[in-house]
Amino acid sequence: MSESITTRNVTFKVFRFNHETDYLPRYETYEMEVTSEEVVLDILNRIKWDHDGSFSYRRSCRHGICGACAIQVNGRATLACKENMHGMIDLFGTEITLEPQSIKRSMKDMIIDKGDFWEKHEQTRPYLISDVDEHPEDEHIVTPEEAEALLEADLCIQCGACHYACPVVQINDDFMGPAAFVKAYRFEADVRDDAHHERLEEMGQAGQGVWDCVKCFECAEACPKEINPIEKITKLHNMIFDEGIKNNGVAERHAVGFAHSIKKHGLLDEGELV
Ligand code: SF4
Ligand code: SF4
Ligand code: FES
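Computed from a predicted model, the values in this text were never measured in an experiment. (Residues numbered from 1 in each chain as written. Chains lettered and ligands numbered in written order. Predicted model: local features only at pLDDT ≥ 70, side-chain atom pairs only at ≥ 80, totals over all residues. Heavy atoms only, no water.)

### Considering the overall build of the chain
Then comes step 1: A count of helices and strands for the chain gives twelve helices and seven strands.
Then comes step 2: In terms of its C-alpha atoms, the chain occupies a principal-axis envelope of roughly 65 × 60 × 50 Å.
Then comes step 3: Across the 274 residues in the chain, those meeting the buried criterion constitute 43%.
Then comes step 4: Here the contacts in the chain between residues at least 6 apart in sequence split such that 64% fall between residues at least 24 apart. (Helix = DSSP H or I, 4+ residues; strand = E, 2+ residues; numbered from the N terminus. Buried < 20%, exposed > 50% of the residue type's maximum accessible area, 1.4 Å probe, protein only. Contact = heavy atoms within 4.5 Å.)

Right, dumping it as structure tokens:
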């Protein structure tokens, strides 16, 4: 027997901004009755269809595949077509604020300029780089174990939720961000790729690469596909060490200092590192 549909009254405070006409953003309030069957995207649709046709947001697949509909609900990264509205009310109560992923990048309401996200994505060279034999005698078979090594990095839908939740992205324009690291890992872990050294050098550069991650876990919390970028960042750390790539940045010197301390004393003496 299916559960009966329930309704709850909600006050939505919705971010509005048009970069072509507005100097400052504003918030508009909508009182709505929300059913237990609706997801956040249904609310965005209803605001547009029933209240204000100029309200703008991105959506396409409605099935958590295209990554277009990522916004923030009460400051929490949310894939609008995936999150049940009553679940959000259970978390935050009946006053719900809808905002774009990044307020400073808003172009129109929920639509942001994701240019920085795509630039970082491109910087990872997100494709297989391989000297392909034009006349191979055998297939290049990838074993199930080798495919397994990609982990779930292949499931990324480029929604940007982790990128815009990352505090380092917010203060450092050069930092590549968690989604780019996930993408870099996806190709570094691929046995068919021949650009390991070059890509790892890019990922290891001080100021932009994996050593500038502060391991705050915001990206893992934000990801709607449960990808855990930090695990991939840690694997990239190890790959960079294994490849012998050095940049003499703060984080690298710290790691070398830790290893030296353990070798010398048999335990970590942090006082010696200061
Ligand atoms: S763990 Fe690292 S990459 Fe993830 S949000 Fe924090 S600083 Fe950014
Ligand atoms: S890693 Fe997760 S949160 Fe980040 S872009 Fe990919 S799917 Fe979105
Ligand atoms: S509309 Fe495609 S992921 Fe939400």
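### Side note on unusual backbone geometry
Then comes step 1: One non-glycine residue, phenylalanine 217, lies in the positive phi region at around 75 degrees.
Then comes step 2: Within the secondary structure, phenylalanine 217 is located in the loop between helix 8 (196-203) and helix 9 (218-222).
Then comes step 3: Of note in this structure, asparagine 228 is not a glycine but carries a positive phi near 55 degrees.

### Some words on the pattern of salt bridges
Opposite charge on two side chains permits them to pair, given that their charged atoms come into close proximity.
Then comes step 1: One pass over the structure, following the stated rule, counts 18 salt bridges.
Then comes step 2: A salt bridge links arginine 26 to glutamate 28, with the shortest nitrogen-to-oxygen separation between them at 3.0 Å.
Then comes step 3: By relative accessible area, which is 37% here, arginine 26 ends up partly exposed.
Then comes step 4: With a shortest N-O distance of 2.9 Å, aspartate 190 and arginine 186 are connected by a salt bridge. In this pair, the class of aspartate 190 matches that of arginine 186, namely buried.
Then comes step 5: Here the salt bridges do not stand alone but share partners, grouping Arg16, Asp22, Arg26, Glu28, Asp52, Lys108 and Asp109 into one network. (Salt bridge = Lys/Arg side-chain N within 4 Å of Asp/Glu carboxyl O.)

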